[in-house]
Amino acid sequence: MRALVFDSFGGPLEIRDVPAPEPPPGGVVVRVGGSGICRSDWHAWQGHDPDVVLPHVPGHELAGAVAAVGTGVRNWSVGDRVTVPFVNACGTCAQCASGEQQVCARQTQPGFTHWGSLAEFVALDAADVNLVGVPEELDLSTAAALGCRYATAFRAVVQVARVRAGEWVAVHGCGGVGLSAVQIAAAAGARVIAVDVAPGALALARQLGAEHALDGGTDVPAAVAELTGGGAHVSLDALGAAVTCINSIRSLRPRGRHVQVGLLPPAQGRPEVPMERVIGLELQVLGSHGMAAHAYPELLGLIAAGRLDPRPLITRRLSLDDAAAALAEVGRRPGIAVVTSF
Ligand SMILES: [Zn+2]
Ligand SMILES: [Zn+2]
């Protein structure tokens, strides 16, 4: 099969013919129909993820059709259109037993713990635990975003932050996950402030429902406090950088909720979180890590009802031959880029 491969961290990204995977016991192989290019793929390439073994094929935000089924799989057949949370849960550990598959103790992640979806085929573990059926009306390139960024934003806004209508929500970093959070929070009736350093990203955030757009190069916490009369109720670091994490926490009013969504690999240094504010203002600092497969029906129902629409987030559809350049310049162009031809 054709795949995007790297042999060294930060080294050349090449399209190469490599052996196609076999379905693992309990798992499947999916013919990839869409694979988003996400900042986490960039972290994998840069060597920020200790799970990655070289040579490596990145890609974890995918949708496609089941091409082969491993032994013991009960619920899925060849040809089924599916997506999958980037956390592939084991289905049997204590976290899985309590319904919290997104923090599974024995998780695998395509594109990190094994070869990923920037390839014609990808292997996925524990299919009956992790696969999510994609409705006919959703094309696979849009459904790919449900594998990581759109679903991650949905869980962060709706299930972790529990955003309510009328609340102020600040979104720091308007890449794919941040723009998704803007749209989802606005749909929930929140008043959204989008923050980014790129005018193009802010313009798209406005189109997706942000009431205000702030230049991230200014004094963001002061500007949020001014706009909201004392700070946001909810603030998300949707980028994963020291400055956005700290700005997010400093943007909150008393008893506000910070949600850390963007990855903060220790290799890039740890942010100096102002814990004195966390205590003095009784702030909540929450983490959000993807979304378990069983939580997808609520999201798919809102999409089917037209309350949410991930389609405008997909701003570029690429061939695999363009994936290397897109990965190298991740974050430089607004919206989500998806590889749709392999
Ligand atoms: Zn588990
Ligand atoms: Zn991702």
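Please refer to the structure higher up on the page.
The numbering scheme is per chain: residues are counted from 1 as the chain's sequence reads. All chains are assigned letters beginning with A, and all ligands numbers beginning with 1, in the order in which they are written. A pLDDT threshold of at least 70 governs which residues receive local features in this predicted model, and a stricter bar of 80 or more applies before side-chain atom pairs are shown or counted, although totals over entire chains, interfaces and linings include all residues. Just so you know, side-chain values use all the structure's heavy atoms and leave hydrogens and water out.

Enquirer: Explain the pattern of salt bridges here, please?
Expert: Should their charged atoms come close, side chains of opposite charge can pair. Any Lys or Arg side-chain nitrogen located within 4 Å of an Asp or Glu carboxyl oxygen qualifies as a salt bridge. Summed over all chains, the structure comprises 12 salt bridges. The partner of D139 in a salt bridge is R317, with the nearest N and O atoms 3.7 Å apart. A residue pair is termed long-range when its members are at least 10 positions apart, and D139 in the loop between β7 (132–133) and α4 (140–143) and R317 in strand β14 (residues 314–319) qualify at 178 residues. With a closest N to O distance of 2.9 Å, R311 and D309 form a salt bridge. The network of salt bridges with shared partners includes D7, E14 and R16. By the criteria applied, helices consist of DSSP H or I runs no shorter than four residues and strands consist of E runs no shorter than two, each listed in order from the N terminus.

Enquirer: I keep staring at the coordination of the zinc ion (ligand 1) and nothing clicks. Help me out?
Expert: Four donors placed tetrahedrally about a metal ideally form angles of 109.5 degrees, and six donors placed octahedrally ideally form angles of 90 or 180 degrees. Looking at the zinc ion (ligand 1), the protein donor atoms are C90 (SG), C93 (SG), C96 (SG) and C104 (SG), and they sit 2.3 to 2.4 Å from it. For the zinc ion (ligand 1), the 4 donor atoms in the first shell make angles of 103 to 117° at the metal, a pattern classed as tetrahedral. Coordinating N, O and S atoms are those within 2.8 Å of the metal (3.2 Å for Na, K and Ca), and as water is not part of the atoms, a site may appear to have fewer donors than expected. The sequence pattern formed by the donor residues of the zinc ion (ligand 1) is C-x2-C-x2-C-x7-C. For the pair C90 and C93, a shared accessibility class is recorded, and that class is buried. Geometry assignment treats four donors as tetrahedral when all angles are between 85 and 135 degrees, treats four as square planar and six as octahedral when opposite donors are over 155 degrees apart and all others between 65 and 115, and treats everything else as irregular. Accessible area is worked out with a 1.4 Å probe on protein chains only. A residue is then buried under 20% of its type maximum, exposed over 50%, and partly exposed in between.

Enquirer: What's the story with the side chain of T244 in this structure? I'm lost.
Expert: Locating T244 in the fold gives a position in helix α9 (residues 242–250). Relative accessible area serves as the criterion here: at 12%, T244 is assigned to the buried category. Every residue in contact with T244, bar those within four places of it in the chain, is listed here: H172, D237 and L239. The contact criterion used throughout is that any non-hydrogen atoms of two residues lie within 4.5 Å.

Enquirer: So what exactly am I meant to see when it comes to the coordination of the zinc ion (ligand 2) here?
Expert: Taken together, the protein donors to the zinc ion (ligand 2) comprise C38 (SG), H60 (NE2) and C148 (SG), at separations of 2.0 to 2.2 Å. For the zinc ion (ligand 2), all donor residues lie on one chain, and their spacing in sequence is C-x21-H-x87-C. Taken together, the residues H60 in the loop between α1 (39–46) and β4 (61–69) and C148 in the loop between α4 and α5 (149–160) connect sequence positions 88 residues apart. On the basis of relative accessible area, H60 is assigned to the buried category, the value being 1%.

Enquirer: Whenever I open this one, the sheet that holds strand β11 (residues 232–237) confuses me. Can you help?
Expert: Within a sheet, each strand pairs with its neighbour through backbone hydrogen bonds, oriented either parallel or antiparallel. With parallel pairing, the 6 strands of this open sheet are ordered in space as β10-β9-β8-β11-β12-β13. With one partner strand each, in any of the chains shown, β10 (212–215) and β13 (284–287) form the two edges of the open sheet. Across the sheet, the axes of successive neighbouring strands diverge by a mean angle of 20°, strand direction being ignored. Each pair of strands is called paired provided DSSP finds at least two bridges between the two strands. Sheet topology places strand β9 (residues 191–196) next to β10; 4 bridges connect them, and they run parallel. If you follow D196 over to β10, its bridge partner there is D215. The sheet contacts of helix α8 (residues 220–228) involve β8 (168–172), β9, β10, β11 and β12 (252–260), and relative to β10 the element is tilted by about 160°. Here an axis means a line fitted to C-alpha atoms, over the contact stretch when the element is a helix, while the angle between two N-to-C directions is reported on a 0 to 180 degree scale.

Enquirer: Please explain the packing of α5 against helix α11 (residues 296–304) as it appears in this structure.
Expert: Describing two packed helices takes the angle between their axes plus the distance from one axis to the other. Two elements in contact, α5 and α11, have axes whose closest approach is 11 Å; the angle formed by their N-to-C orientations is 100°. Of the possible angle classes, the one that applies to α5 and α11 is roughly perpendicular. Only Y296, E298, L299, L302 and I303 of α11 make contact with α5, whose side of the interface consists of Y150, A151, F154, V158 and Q159. Looking at side-chain class alone, the contact of α5 with α11 contains 8 nonpolar, 1 polar and 1 charged residues. For classification purposes, angles smaller than 35 degrees are called roughly parallel, those larger than 145 roughly antiparallel, those between 65 and 115 roughly perpendicular, and all remaining angles oblique. The nonpolar class holds Ala, Val, Leu, Ile, Met, Phe, Trp, Tyr, Cys and Pro. Asp, Glu, Lys and Arg form the charged class, and all remaining residues, Gly among them, are polar.

Enquirer: Can you walk me through the state of the cysteines in this structure?
Expert: The term disulfide refers to a covalent linkage connecting the sulfur atoms of a pair of cysteines. Any cysteine sulfur atom paired with another within 2.5 Å is treated as part of a disulfide. Applying the stated criterion across every chain yields a total of 0 disulfides. C245 carries a free sulfur, and the closest cysteine sulfur to it, the one in C174, is 16 Å from it. The class for C245 is buried, based on a relative accessible area of 3%.

Enquirer: What exactly am I supposed to notice about the pairing of β9 here?
Expert: The two faces of a sheet get side chains in turn, since along a regular strand they alternate between them. When you tally the buried positions in β9, you get 5 out of 6 residues, the bulk of the element. Here 5 bridges tie β8 to β9, and the two strands are oriented parallel to one another. Paired with V169 across the two strands is V192, which belongs to β9. Each parallel crossover has a hand, and the one from β9 via helix α7 (residues 199–207) to β10 is right-handed. When the strands point away from the viewer and the connection leading from the first strand across the helix to the second strand turns clockwise, the crossover is called right-handed.

Enquirer: Just to check I follow, could you spell out the environment of D80 for this structure?
Expert: By the secondary structure assignment, D80 is in the loop between β4 and β5 (81–83). Taking the C-alpha atoms as reference points, D80 and G64, separated by 16 residues in sequence, lie 8.3 Å from one another. Ignoring anything within four residues of it in the chain, the contact list for D80 reads G64, A65, V66 and N75.

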